[in-house]
Amino acid sequence: MMHSYFLKLLTLVAFLTSCEEDTTVSNTVVLPSDLQVTIDQSPENPALLEVKANAEKANFFRFYFGEDDDFLEDVDGEITYTYKSSGQFTLTIQAHATSTDFISQTKQIEVPSPGPQDLIPSAGYSSPESYEGMTLVWRDEFNGSQLDEANWSYLQGDGCPDLCGWGNSELQYYTEDNVSMVEGNLIITAKEESLGGKEYTSSRLSTKNKRSIQYGRVDIRAALPKGQGLWPALWMLGTNIDEVGWPSCGEIDIMEMVGGNADGRDNTVHGTVHWFGDGTKADFGGSYSVDEGSFSEMYHVFSIIWEAQSIRWFVNDQEYHTIDTTPETLSEFQNEFYFLFNVAVGGNWPGSPDATTKFPQSMIVDYIRVFQPN
């Protein structure tokens, strides 16, 4: 009897062991194999990748592009991706049997910084070279290899000690090194780099003591930078600023933009005047927005028509704002003004750059044309 009992016990143990072994075999995951990856990096736009992956027994593929921790997933293993910035990136491609069982490969991707010629828009609005009843009195088409310093001066530094942060708590240090002339365009580039105790550099140009006007039409064809903390401006100041100071000299902002994704900032520009009226600083402005995209994607023409009675603002010849300048308190706008072009970084209005801001960023100016009545 005892022998029979042990025999049955051994038989039961063997049966249970056999069941466990069968269960283990049936749950074994077969990993994918022979992972093959091809990458097509566009020569026209090196930030654009087309990635194709295939592997034996893969159920799906995941792609990590190295800009953040997120991934893209595709059953067929085909993905298109555009990098948001330049630099060296590690691309990881995973062929998955399950969400946790996979094989992988890594590839090194280099996205070069765009050269100046890559920034030039291929399309956009253009304005005429003549208007009925008006004469073209000055133009700069920026066709030379260097900035024409008969018309323009470089303003340098951070405004200190008299006007630190240029009066607006701006974060950039202005230098002439951030100006380039490319294919008939003036390019002002803001960069994330340290200089003069600041973490950003850019450029600011002025026609003070070289070119000024009193009344007329001004057309400036330009494409703008974008991103939180960017502040491009095409503007004017009264030539008597050294005698009376600001804002008593008056300021005419032909175009300003405060960059950023919030509230459509990258697709909205502002036209404003500032003056000293009734004993206090005063200002009056309007804004214009494009329906799609941003002002960085193509050329737009920013204009004012300045007369003794009024100033009117236009984008692509569409009027969007006007001010009556006949009141005595706006007498500043009966004087001569000179031009300034700059790209500021940070400041009281746009705020500082953040993690979404991609540098470098450039303002591209095709031309400025000034007309006055015959």
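Residues numbered from 1 in each chain as written. Predicted model: local features only at pLDDT ≥ 70, side-chain atom pairs only at ≥ 80, totals over all residues. Heavy atoms only, no water.

**Q** Break down the side chain of Ser-206 for me, citing the residues and quoting the values.
**A** Inspection of the secondary structure puts Ser-206 in strand 14 (residues 204–206). Polar contacts involving the side chain of Ser-206 include one to the main-chain amide nitrogen of Lys-208, which spans 3.0 Å. Filtering out sequence-adjacent residues up to four positions away, Ser-206 remains in contact with Asn-151, Trp-152, Ser-153, Leu-155, Tyr-338, Phe-339 and Leu-340. (Helix = DSSP H or I, 4+ residues; strand = E, 2+ residues; numbered from the N terminus. Polar contact = N/O pair within 3.5 Å; in protein donor to acceptor, adjacent residues only side chain to side chain. Contact = heavy atoms within 4.5 Å.)

**Q** Break down the sheet that holds strand 2 (residues 48–56) for me, citing the residues and quoting the values.
**A** Hydrogen bonding along the main chain pairs the strands of a sheet, whether they run parallel or antiparallel. The 3 strands lie next to each other as 1-2-5, forming an open sheet whose pairing is antiparallel. Each of the sheet's edge strands pairs with one partner strand only, and the pair in question is strand 1 (33–41) and strand 5 (78–82). When strand polarity is set aside, the average angle formed by the axes of neighbouring strands in this sheet is 20°. In the sheet, strand 1 pairs with strand 2 via 7 bridges, with the strands oriented antiparallel. In the strand pairing of strand 2, Asp-40 is matched with Glu-50. (Pairing = 2+ DSSP bridges. Axes fitted to C-alpha atoms, helices over the stretch in contact; angles between N-to-C directions.)

**Q** Please set out unusual backbone geometry residue by residue, giving values where relevant.
**A** A cis amide bond links Trp-246 with the next residue in sequence, Pro-247, at an omega value of 10°. In the segment running from Phe-359 into Pro-360, the intervening peptide bond is cis, with an omega of 0°. Of note, Pro-360 is situated in the loop between strand 24 (337–345) and strand 25 (361–373). Positive phi outside glycine occurs at Asp-278, with the angle close to 55°. Tracing the sequence through the fold places Asp-278 in the loop between strand 19 (268–277) and strand 20 (280–289). Classification of Asp-278 as exposed rests on a relative accessible area of 69%. Backbone geometry places Asp-317, a non-glycine residue, at a positive phi of 65°. A relative accessible area of 42% places Asp-317 in the partly exposed class. (Buried < 20%, exposed > 50% of the residue type's maximum accessible area, 1.4 Å probe, protein only.)

**Q** Can you tell me about the packing of aromatic side chains, naming the residues and giving the values?
**A** Enumeration according to the criterion identifies 20 aromatic pairs in this entry. For the ring pair Phe-65 and Tyr-83, a centre distance of 6.2 Å and an interplane angle of 75° mean the geometry is edge-to-face. Note that Phe-65 is positioned in the loop between strand 3 (60–64) and strand 4 (72–74) and Tyr-83 in the loop between strand 5 and strand 6 (87–96), a separation of 18 residues in sequence. Owing to a relative accessible area of 3%, Phe-65 belongs among the buried residues under this scheme. A relative accessible area of 4% means that Tyr-83 is categorised as buried. Between Phe-333 and Phe-337 the ring centres are 5.9 Å apart and the planes differ by 20°, which places this aromatic pair in the stacked class. (Phe/Tyr/Trp six-rings, centres within 6.5 Å; stacked < 30°, edge-to-face > 60°.)

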